[in-house]
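Observations on the three-dimensional arrangement
The residues making up each chain are set out below.
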Amino acid sequence: MKQENQIKKVAVIGCGFIGYSWGVVFARNRIDVTMYNRKSKTLDTVKSRMEDALHFLAEEKVIAPEDVEEALGHVTVTDDLQEALRDADYVQECLWEDLGLKRDIFKQISDLTPPHVPIGSSCSGLRIQDIAADVTNGPERCIVAHPTNPPHLIPFMEISGDLASQEVKDRVFAFMESIGQKPIQCKEVYGYVLNRIQLSLIQEALYLVQEQICSTEAVERALTDGLGLRWAFTGPYGVEELNSACLEEGLVKYKDYMLEFFTQEQKKVTDYDESFIRRAVEEFRPVMHGKTHEEYLKWRDQMVIRTRMLKEKK
Ligand SMILES: NC(=O)c1ccc[n+]([C@@H]2O[C@H](COP(=O)([O-])OP(=O)(O)OC[C@H]3O[C@@H](n4cnc5c(N)ncnc54)[C@H](O)[C@@H]3O)[C@@H](O)[C@H]2O)c1
């Protein structure tokens, strides 16, 4: 059973790609959210960007049309950090991936909030013990809360931080579940879980194109017309379960085949040059079917949310 959510007010620190989207997640769940950024165009436009995202959710019938205004009523925007953190029950940090910057903001956030307030970093590759190195007021509440971009459409997220208390990680986990996110917990390794898997795949995608084994378009199609259709429903272990009589049989049956590839066939790409980038971009063009970047993004978001709705129907 889902626990009742004790977190009623959230401060989002940084209003870029990830920050604005986290803001949508909280606001659409009727949680008061204060959006903080330094003075910038990003700050000036964050509320209208959130409004656009909420209208998109309404168009896709994920929320009711009247929920757009209701959600926006929960949003405050400020460039005053102290103001942003006042009465916050949880802080989601989303500044640039820069250790010095995050280290400084974690120190400030922790000094301005009581020690029971969890501080989650959206960081993708930094270690929380480095980010929280200067925190003296409750360092065990500093955790990794790494989303998948954009969190208002893709719910998977990772909660980590080997120095954080298990109680805090469990509390944030329960909170995220209560608002529809799909968290996992993992040890603090580079890339956590999703990006480790994604990076292995990108490695192979680079190799296949660099060696001219196939085009960029062909790599895209292997995923979008092939693996991706299964992967929204069954992961690699699920695939093995269904490729054989059962997972155990699959792991035995394909062991030699997999190990032969990993040990003999798989080659590492350690670099690529300008001409590779030009070729990859040229070969990718047909994949977008004449869409602009913005049109391609909107189409991707529509397909993602529709797949998610389909999954949620079961
Ligand atoms: N973009 C992704 O796909 C993705 C996915 C998962 C996690 N993340 C992580 O999320 C975090 C944010 O990434 P993003 O893509 O949203 O970055 P972004 O560049 O879009 O946004 C960063 C924001 O921080 C603000 N900022 C920078 N310095 C500041 C300061 N001193 N004071 C106040 N505001 C400041 C910038 O104005 C900007 O609005 C990073 O740690 C990143 O690794 C990104």
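Structural notes, computed from the coordinates. A quick note: this is a predicted structure, and the numbers were derived from the prediction, not measured. (Residues numbered from 1 in each chain as written. Predicted model: local features only at pLDDT ≥ 70, side-chain atom pairs only at ≥ 80, totals over all residues. Heavy atoms only, no water.)

Observations concerning the side chain of E60
Summarising the element assignment, E60 is placed in the loop between α2 (41-59) and α3 (66-72). Here E60 is in contact with Q302, I305, R306 and M309, once residues within four sequence places are set aside. (Helix = DSSP H or I, 4+ residues; strand = E, 2+ residues; numbered from the N terminus. Contact = heavy atoms within 4.5 Å.)

Observations concerning the site of the ligand
Residues in contact with the ligand amount to 20 residues; listed here are only the nearest, I18, W96, E97, K102 and S124. Measuring from an oxygen atom of the ligand, one finds a side-chain N or O atom of N37 at 2.9 Å. Within the backbone of L95, a nitrogen or oxygen atom sits 3.4 Å from an oxygen atom of the ligand. Expressed as a share of its isolated accessible area of 840 Å², the protein-covered part of the ligand is 80%. Those elements giving two or more residues to the shell around the ligand turn out to be α1 (17-28), α5 (99-112) and β6 (142-147). Considering only residue class, the shell around the ligand consists of 10 nonpolar, seven polar and three charged. (Near = heavy atom within 4 Å. Polar contact = N/O pair within 3.5 Å; in protein donor to acceptor, adjacent residues only side chain to side chain. Areas by Shrake-Rupley, 256 points an atom, 1.4 Å probe, with all protein chains shown as cover. Nonpolar A, V, L, I, M, F, W, Y, C, P; charged D, E, K, R; others polar.)

Re a nonpolar patch on the surface
Residues Y190, L199 and I202 make up a contiguous nonpolar surface patch of about 320 Å² in total accessible area. Within the secondary structure, L199 is located in helix α8 (residues 194-210). (Patch = residues over 30% accessible without salt bridge, like charges linked within 9 Å, V, L, I, M, F, W, Y side chains within 5 Å. Salt bridge = Lys/Arg side-chain N within 4 Å of Asp/Glu carboxyl O.)

Things to note about the pairing of strand β8 (residues 182-185)
Both faces of the sheet carry side chains from a regular strand, because those side chains alternate between them. In this sheet, β8 lies alongside strand β7 (residues 156-160) in parallel orientation, the contact comprising four bridges. Residue pairing across strands places E158 opposite I184, the latter belonging to β8. Handedness of the β-α-β unit built from β7, helix α7 (residues 166-178) and β8 comes out right-handed. (Pairing = 2+ DSSP bridges. Right-handed = clockwise from strand over helix to strand, strands pointing away.)

Notes on the pattern of salt bridges
Side chains carrying opposite charge are able to pair once their charged atoms draw close together. As enumerated under the stated definition, the model contains 18 salt bridges in all. Note that K102 and E93 form a salt bridge whose closest N and O atoms lie 2.7 Å from each other. Pair check on accessibility: K102 and E93 agree, each one buried. In this structure, E312 and R308 form a salt bridge, with 3.0 Å as the shortest nitrogen-oxygen distance. (Buried < 20%, exposed > 50% of the residue type's maximum accessible area, 1.4 Å probe, protein only.)

Concerning unusual backbone geometry
Excluding glycine, residues mostly have negative phi values, and the peptide bonds linking residues are mostly trans. Here N149 and P150 are connected by a cis peptide whose omega angle stands at -5°. Even without being a glycine, K61 presents a positive backbone phi close to 60°. The topology assignment puts K61 in the loop between α2 and α3. Phi is positive for Q212, close to 55°, though the residue is something other than glycine. Secondary-structure assignment places Q212 in the loop between α8 and α9 (216-231).

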